[in-house]
Amino acid sequence: MNYLFGVIGGQQTGPQPTGAETVQRLCDRVASSTLLEDRRDAVRALKSLSKKYRSEVGTKAMDHLIHILQTDSSDTEILGYALDTLYNIVCNDEEEEQEENQQKQEDDIGVQFTEKFIQEPENITLLLTLLEEFDFHVRWPGVKLLTALLKNQCAQVQGIILVSPMGVSRLMDLLADSREVIRNDGLLLLQQLTKGNAAIQKIVAFENAFERLLDIITEEGSSDGGIVVEDCLLLLLNLLKNNSSNQNFFKEGSYIQRMKPWFEVGDDNSGWSAQKVTNLHLMLQLVRVMVSPVNSPGATASCQKAMFQCGLLQQLCTILMATGVPADILTETINTVSEVIRGSEVNQDYFASVNAPSNPPRPAIVVLLMSMVNERQPFVLRCAVLYCFQCFLYKNHKGQGEIVATLLPSTIDANSISAGQLLCGGLFSADSLSNWCAAVALAHALQDNLTQKEQLLRVQLATSLGKPPVSLLQQCTNILSQGSRVQTKVGLLMLLCTWICNCPIAVMHFLHNQDNVPFLTGQISENLGEDERLVQGLCALLLGICIYYNDNSLENYTKEKLKQLIEKRIGKENFVEKLGFITKHELYSRAAQKPQPAFSTPEHMMFDHEFTKLVKELEGVITKAVLKSSEEEKKEEEVKKTLEQHDSIVTQYKELIREQDSQINELKEQMASLTTQNEKLQNTVTQQLSQIQQHKDQYNVLKLKLGKDNQQTGNNAEGTHVNGLQSEMLSQLREQIEELRRQNQLLQTQLTEKDNVITSLKAEGIPSGEGSTSNNTEMLKEMELLKAQLQSQTAEISQLQTERQELLKRSETMAAVQVTGEDSGYLEKISELEGRLSTQNAETQKLKGEVKTLLESKESMEKDLASATSSVAILQAEKSKLQQDVQESKKEQDDLLMLLADQDQKILSLKQRLKDLGETIEDEDDLDSKDQFDDDDDDDEEDEGEEDCDE
């Protein structure tokens, strides 16, 4: 202890040890001390030296400190000292670095020690385990240490935590800690953990992170909160940015609705704190992440819908029109509203209805455009307004029509300022930035809308008093020819290219002015400076559009004449080179990256994002159109005509095939219906045949009975009974014969209809094919068979009618005989027959039951047989295995017998040698017999003793 006191207190006399020597002695004390107090004091001393002698402590003491974390986990105080020491080693203190102006290699000390610490992944796992300790002196330095490790080697530490069991879940528990220091540092830790790792971001999100973070933001006062709110918002941005899964989870969890209270701004917006500005800026970024144009269209559309339904868009528009809002917040709000309404028809319609709180009220679009064309407004604000206007018109044909309508003569209101008037004013103002913004905004009003391109041709401008008005198209070309600034020229050329693209009428109006084509060719052919090369490329693009979309309605400027003009005055290769300069420009590449116009300075505003798409689409086709010769074009036209003719022929054949398919389907349906009817008729015929057979049987029975009655004519009682019975039977026969006659007529009618259908099908012609021919043949055979059956049935019916007449005659003869009494014998026979019939029915049912039982027993026996077969297979497999084992055991037994035989032979040879040497050897057989004899004697003695005891 005196040693430690001397080291720390500096009370020793004599030469003082160096820092490295002191660190080494302390490391030795940590490694060799058996008492926990000594180790604790040594670690405390290392902690005090770790900032001044960072390199020495990290090099010599890191392994000892890690060992302390592993072995002394029961003592929270030494754990806290060890974690603090490790934190001081790996942490780069920015303030000290700025004060001491350390070199870059000094800055890398923390990274080097971090690499050393994470060489063993178990160290990170150990650190995660220590974070479960609730003691403040362990948990807080553990959080800071892990945060520093993530800052220095983020990807490697993330990988270790990701594969560690419950690693992320342990870190999420920090947000639930009641101590604000640990919770706040836990937020910083999770920020580092979730950077650039989608897998960890998903795990953190599904660990209920959104709910906890939004609760913390609400508890801390939302936008009026402090640095904790900022940390929560930064963590939310990490979780949601470029992570579609988490964005969908955020939307499905109804967390968008909880963002609305963040943007409730009061009437008094003066005196915003810097922290509130930062918080609201991050909140607006969070909204933009959910509706960013880089997200999938479906996800963006669903988020836009949710923001409108919960009132978030309305709240943002309120901030947009409020007074006293800081400029940077207003700019970010405009950008946020832009992306919330971009491509959403409902949101765009709502934005069009928003009015500014002015007297008289003005539409929000007009107020924003006034800021865009006002050169005194900040540059970033003007860019934001342009982006908002572009998003309002994106895929919004209704909005495009409303903007263009404000320029038409019939809709201009002299008492109010319209969007069209502001755009025209900006287009022809002295400020080049206003020219560019107005030109791009007007181009978006024409994007992919042929109707509005044609409508805009009607716009007439009064340039000065006493002069006739000129069209807007002509005024744009006039400004181009007046030698304006490059930015103005680029904006006007982009507007003209968008305007006349895919609009032959606009091309004709442009070419109708005799000065336009010479101006374009002169601009392209001149050797101008670097800045003007961009203008030359856009002029080449505009001239190429005039060629590609030319309908040859103007004789002086047909496609062929324009190409000849290019070849003579410019040269085709030179023209293509100037055209290709557009896509090679650096500003073109920047504008093509994202829809939002993001420029560092006004001079860099040259290209619009949508225009870059148009250039990419037109460059190749214009190059081909210019380089093609007239002969190639003629060949292509001939090929096109041939292809069109071929397409028309193919279309005709397709229509013919469709008609034939429909006819075939109809005939198939008819065949199916006829087949069904045929089956019904066959069933009807079968039923009638069975009825006829029954009638025959009844007739034969009656015939026999009448014969018996004729023999007993002497008995009056019998005659009277038979006469009554016969009359009853005859009435039944009459009814059955009438029924058969009606059925016969019905069948004859149906047969006639079938013959008519068959005849009509033969006349129309059934589609060729083996299947249809065979079906028709079978149907005809069935019809013929049906006819034959009907004819035989008709013959049988006529025979029955003849027999009926005979019965009537016999009944009249027998009616003459007057007898009385009843034929008891006849009744007994009938009852006897009925009894036999019921007995036979019962026996039949009994036999059916027995058959069913036998079938069930057969199925059960088959199941038993299958199971027995499987058992036999198993037993056979076991038997073969046992046989193999027996063979192996036999083989081993034979080997043992061979060994025993060899051993016996050796024993005999040894005995023989002993005998030869004169030794006496008793044979084992003699010994065995002797032992047996001794055993017998002992048994005899035992028997005698037992007999004595009995006596």
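Here the structure is a predicted model, which means the values were calculated and not measured.

Chemist: How would you summarise the overall build of the chain if you had to cite specific residues and measurements?
Modeler: Along the chain, the regular secondary structure elements total 42 helices and four strands. In the chain, the proportion of contacts linking residues at least 24 apart, taken out of those at least 6 apart, comes to 72%.

Chemist: Describe the packing of aromatic side chains, and please don't skip the residues or the numbers.
Modeler: Per the counting criterion, the structure on display carries twelve aromatic pairs. With a centroid separation of 5.4 Å and 25° between ring planes, the pair formed by F136 and W140 is classed as stacked. With F136 and W140 both in helix α10 (residues 136-152) and four residues apart, the pair spans about one turn of that helix. Here W140 falls in the partly exposed class, since its relative accessible area comes to 27%. Here F250 and Y255 contribute two aromatic rings whose centre-to-centre distance is 5.4 Å and whose plane-to-plane angle is 40°, an arrangement assigned as tilted. Under the relative-accessibility criterion, F250 is labelled buried at 0%. For R179, the ring lying beneath its charged end belongs to F134, and the centroid distance is 3.9 Å. Directly above the ring of W272 sits K276, whose terminal nitrogen or CZ lies 4.6 Å from the centroid.

Chemist: Residues and numbers for helix α13 (residues 180-193), please.
Modeler: Here α13 contains 14 residues, and its C-alpha end-to-end distance of 19 Å stays within 8% of the 20 Å for a straight helix at 1.5 Å per residue. Those residues of α13 that sit buried are I182, R183, N184, D185, G186, L187, L189, L190, Q191, Q192 and L193.

Chemist: Quick rundown of the environment of I200? Include the residues and the values.
Modeler: In this fold, I200 is placed in helix α14 (residues 198-206). Leaving out residues up to four positions away in the same chain, I200 has contacts with Q158, L162, L193 and T194.

Chemist: How would you explain a nonpolar patch on the surface if you had to name every residue and give the values?
Modeler: On the surface, a cluster of nonpolar side chains totalling about 390 Å² of accessible area is made up of I649, Y653, L656 and I657. Position of Y653 relative to the elements: it lies in helix α38 (residues 630-711). The exposed category is assigned to Y653, whose relative accessible area is 52%.

Chemist: Provide a residue-level description of the pattern of salt bridges, including the pertinent values.
Modeler: Evaluated as defined, the whole model comprises 20 salt bridges. In this structure, D177 engages R179 in a salt bridge whose closest nitrogen and oxygen atoms are separated by 3.0 Å. Owing to a relative accessible area of 6%, D177 belongs among the buried residues under this scheme. Between R258 and E211 there is a salt bridge whose closest N-O contact spans 3.1 Å. On the criterion of sequence distance, the pair formed by R258 in the loop between α17 (244-252) and α18 (274-290) and E211 in helix α15 (residues 209-219) is long-range, its members being 47 residues apart.

Chemist: Run through the packing of α13 against helix α16 (residues 227-240), naming residues and quoting values.
Modeler: The geometry of α13 relative to α16 is characterised by a closest axis approach of 9 Å and an angle of 25° between their N-to-C directions. One element, α13, and the other, α16, form an angle in the roughly parallel class. The chirality of how α13 crosses α16 is left-handed. Contacts between α13 and α16 involve R183, N184, L187, L188, L190 and Q191 from the first element and V228, D231, C232, L234, L235 and N238 from the second. Residue composition of the contact of α13 with α16, by class: seven nonpolar, three polar and two charged.

Chemist: An account of a negative patch on the surface is requested, with residue identities and associated values reported.
Modeler: Where like charges cluster on the molecular surface, the negative patch consists of D885, E888, E892, D894 and D895. Here D894 is to be found in helix α41 (residues 824-916). Judged by relative accessible area, D894 falls into the partly exposed class, the value being 44%.

Chemist: Give a detailed account of helix α32 (residues 516-525), specifying residues and quantitative values.
Modeler: For α32, the full list of buried residues reads N516, V517, L520, T521, Q523 and I524. Down the axis of α32, the buried set is contained in an arc of 160°. They therefore lie on one face.

Chemist: Residues and numbers for the packing of α15 against α16, please.
Modeler: Two elements in contact, α15 and α16, have axes whose closest approach is 9 Å; the angle formed by their N-to-C orientations is 155°. Considered as vectors, α15 and α16 are oriented roughly antiparallel to each other. For the pair α15 and α16, the crossing hand works out as left-handed. When α15 is examined against α16, the residues A209, F210, L213, L214, I216 and I217 are found in contact with a partner set consisting of V228, V229, C232, L233, L235, L236, L239 and L240. Within the contact of α15 with α16, the residues separate by chemical class into 14 nonpolar, no polar and no charged.

Chemist: For the side chain of S223, give the residues involved together with the corresponding values.
Modeler: Among the structural elements, S223 can be located in the loop between α15 and α16. Judged by relative accessible area, which is 8%, S223 ranks as buried.

Chemist: Can you explain unusual backbone geometry? Please cite residues and give values.
Modeler: It is generally the case that most residues other than glycine have a negative phi and that most peptide bonds are trans. Even without being glycine, S222 reaches a positive phi, approximately 55°. Positionally, S222 belongs in the loop between α15 and α16. In the Ramachandran plot, K395 falls in the positive-phi region, its phi being about 55° despite a non-glycine side chain. If you trace the backbone, K395 turns up in the loop between α24 (379-393) and α25 (397-405). According to the relative accessible area criterion, K395 is exposed, its value standing at 67%.

Rules of the game
Residues numbered from 1 in each chain as written. Predicted model: local features only at pLDDT ≥ 70, side-chain atom pairs only at ≥ 80, totals over all residues. Heavy atoms only, no water. Helix = DSSP H or I, 4+ residues; strand = E, 2+ residues; numbered from the N terminus. Contact = heavy atoms within 4.5 Å. Phe/Tyr/Trp six-rings, centres within 6.5 Å; stacked < 30°, edge-to-face > 60°. Buried < 20%, exposed > 50% of the residue type's maximum accessible area, 1.4 Å probe, protein only. Lys NZ or Arg CZ within 6 Å of the ring centre and 35° of its normal. Expected span 1.5 Å × (residues − 1). Patch = residues over 30% accessible without salt bridge, like charges linked within 9 Å, V, L, I, M, F, W, Y side chains within 5 Å. Areas by Shrake-Rupley, 256 points an atom, 1.4 Å probe, with all protein chains shown as cover. Salt bridge = Lys/Arg side-chain N within 4 Å of Asp/Glu carboxyl O. Axes fitted to C-alpha atoms, helices over the stretch in contact; angles between N-to-C directions. Parallel < 35°, antiparallel > 145°, perpendicular 65-115°, else oblique. Left-handed = near helix turned anticlockwise from the far one by under 90°. Nonpolar A, V, L, I, M, F, W, Y, C, P; charged D, E, K, R; others polar. Lys, Arg positive; Asp, Glu negative; His and termini not counted. Charge placed at Lys NZ, Arg CZ, Asp CG, Glu CD. Arc of directions from axis to C-beta.

Take it as geometry only, folks, not as evidence of what the structure does.
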